[in-house]
Structure formats: structure tokens, C-alpha cells
Amino acid sequence: MHVNHRPKRGGIVPLASVLVSAALALSACGGSNDSTSTSSSVSGGPIRVGLITKTETNPFFVKMKEGAQKAAEAKGVELMTAAGKFDGDNASQVTAIENMVAAGVKGILITPSDTKAIVPVIQRARDKGVLVIALDTPTDPQDGADALFATDNFQAGVLIGKYAAAAFAGRQAKIATLDLAPGITVGVLRHNGFLSGFGVPGIDQNAKQQLTDPRVVCSQDTAGDQAKGQTAMENCLQKDPGINLVYTINEPAALGAYTALKAAGKEKDVMIVSVDGGCTGVRAVQSGQIAATSQQYPLKMAEQGVNAVVEFAQNGTKASGYTDTGVTLIAAKPVDGVESKDVQFGLDNCWG
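Before going into details, it helps to say that this report is about the structure given with it. (Residues numbered from 1 in each chain as written. Predicted model: local features only at pLDDT ≥ 70, side-chain atom pairs only at ≥ 80, totals over all residues. Heavy atoms only, no water.)

### A short note on the pairing of strand β10 (residues 292–295)
Inference 1: By the alternation rule, side chains of β10 split into Ala292 and Ser294 and Thr293 and Gln295, which are all buried.
Inference 2: In terms of strand pairing, strand β9 (residues 271–276) meets β10 through four bridges, oriented parallel. Note on β10: the bridge partner recorded for aspartate 276 is glutamine 295.
Inference 3: Following the chain from β9 across helix α8 (residues 279–287) to the adjacent parallel β10, one finds a crossover that is right-handed. (Buried < 20%, exposed > 50% of the residue type's maximum accessible area, 1.4 Å probe, protein only. Helix = DSSP H or I, 4+ residues; strand = E, 2+ residues; numbered from the N terminus. Pairing = 2+ DSSP bridges. Right-handed = clockwise from strand over helix to strand, strands pointing away.)

### Considerations on the pattern of salt bridges
When the charged atoms of two side chains with opposite charge come close together, those side chains can pair.
Inference 1: Summed over the entire model, instances satisfying the criterion amount to eight salt bridges.
Inference 2: Between lysine 63 and glutamate 66 there is a salt bridge; the shortest N-O distance is 2.8 Å. Of this pair, lysine 63 and glutamate 66 both sit in helix α1 (residues 59–75), three residues apart, which is roughly one turn of that helix.
Inference 3: Between glutamate 98 and arginine 124 there is a salt bridge whose closest N-O contact spans 3.8 Å. With glutamate 98 in helix α2 (residues 90–102) and arginine 124 in helix α3 (residues 119–127), the pair connects residues that are 26 residues apart, well separated along the chain.
Inference 4: Since its relative accessible area comes to 44%, arginine 124 is described here as partly exposed. (Salt bridge = Lys/Arg side-chain N within 4 Å of Asp/Glu carboxyl O.)

### Remarks on the state of the cysteines
Inference 1: Scanning the model with the defined rule gives two disulfides in all.
Inference 2: Across a sulfur-sulfur distance of 2.1 Å, cysteine 218 and cysteine 236 are joined as a disulfide pair. As the torsion about the S-S bond is roughly -75°, the cysteine 218-cysteine 236 disulfide counts as left-handed. Placement of cysteine 218 in strand β7 (residues 216–221) and of cysteine 236 in helix α6 (residues 226–239) is noted, with a sequence separation of 18 residues between them.
Inference 3: Take cysteine 218: its relative accessible area is 2%, and that puts it in the buried class.
Inference 4: Each disulfide of the protein chain joins two cysteines, and with those cysteines numbered along the sequence the arrangement is 1-2, 3-4. (Disulfide = S-S within 2.5 Å.)

The following block contains the structure:
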């Protein structure tokens, strides 16, 4: 149901003699200062690109920042970076946008923590002529940003749901879902995609809330955090010790769940499926801690985002719509009827 619209690539940008990416200080968000030589925009000034991630510690966002820095170096532009103090920290992201607009950025790339609450400040930036592209996580509504470069998060959920359904092959499932937080689009899409892939009827890809099924016996929020994932799994086991299938929003939550299952002596009896495709997660697939994961590609999101801002700054071409940056199911043990790649492919393409 997504319409793919890939922004056109700009031409080669003249490089200055020494190119380094800059992360300019943002007082509320813990940025750092560097200077850079830059290419020029149509107005003659330096091209500045902003990147705002949910946190600075999650390996996914660390890799996204690396991808943006490399793309900025290649294009000869300044990169300003900022991040929330924790997943869900909308206030720091609002401050970062305001600071970046004041600093004269041509475009902002953002992984929104609160997908609804961030929209008004994004609109104010857009009203001032700044191109805003959501990476990884769509705003709510999606057209709250100019464009979205992201994994198809619903499809990421579908893939691991299909894998689990095929692996269970008719066995009765008791499912725990370890989710993100209420109402956050990426969490809703992955959760509902998983249920759809598992065969739950009537799942609407456009639903705004997480749906459920009688086989889901426990749902807990984790904020994508490993320690909270462990606590959530412990809570679910207390609620129903017979849980035999666990969906997690990401691999840190999955590893937390595995720790809880192992402590309870149940790690061999419960299947965990997840989303991310980081190197730690893929190694967990290799070791059997996670059965399968949907791998996404943060480097590609960041690179395409920087390129789109540069083209906008140079000639006014504005990215719009949705660009699918790809997702691949990684599994150590393939199942019939579900296409997947092996662990080696996952390790060759992982991040973090």
C-alpha cells in the first residue's frame, strides 16, 4: 500500500580540499563541535544538514549517524547532529529542530520519538523553507514530514510473523508481545505486521493502535530497552508460564527476553522473533537465542536522506512520499514457504 518515490540523485558536488563532517553543539541535546569546509547552496551559503536521532546509544542510531557523516563528507556539506536523552524524549528533539533552523540548515533528517507531538515544530520548520525527512519512523500523520525514508515496518513484522507461523506448523501458540510504547507508529506497524504475518485475520495496515488476538496472552511495553525487555518477559511469564512465542520490537528487547527465559529454564521451549538486523542481533540468531529477525538498513536511510537535502539545497528538488529502504528476513533455520537469508548474509550486511 506504500507508494515508493525515490528522490532523484543530484550531480557531483565540488569537494573542498579537506572535508570533515561537523556535529555542531546543541545545548539541550549533547552535540559536539567540529568545523567543516562545505559546498554551496543556491543562495551561496554553506549547505548544512541536520540529523536528529531518538538516542545516541542505540547501535541502530549510531550506525545511522555514521552513514550520514560519510554521506556529508562525500558531498562536502556540514552535518549537525543531535539526539534525545532517551527513547521518547520529545522535548530534546523539539529543541534540536529549533536550534538547527536557527543555524540555517537546508534540511533536517529525524527519527521522531513522539510521532504526533513532534509534528507542530516540524511544520514550523517546513514553513521556513526547511526540508524535513523522517528516517526509520514515520510521523503521525505520515505527511507531517516532507518525505519518509524507512524500512517498511509493517512488512518487517509480516516476515517474522510468517516465519513463526510456519515454524509452529499448527501447534497452539501462546504469544507474548514485547512492544515499544503506546501509539508510536513504528511500534504499531511492527506489532500489527507480526500478527498479520502470523495469520490473524482482519489486520489493517493503517490501524493507529496495536491490535490483538486471543492467542496473545501478554503484551508489555519495553521502550526497546534490554533491561525493560527482561522485566517485561518476567512479568509475562508470571501471567502465563505457558508462553511459547515471543515477538519483540527490537533485538535489545529480544535479548532481555532471552535472559528472563533462561533464568526461568524456558529458553529451549520458547521462540523469539524480532526486528533490527544489527550485528549483535544476527549473532543471537546464529547462537539460537533469536529464531529470526527482519534486517533493516540505517546506513542507506541516512545516505539517501543527506543526498536528498543536498539536491534540495542546490536546485530546489524536494523529496516527497515514501522511499522503502529494504528489509530482509534473517534466519539460521529456514522454514518452508518463507523466503529468508542465512546468518552469513546477515553478518555481511549488519550494523553496530
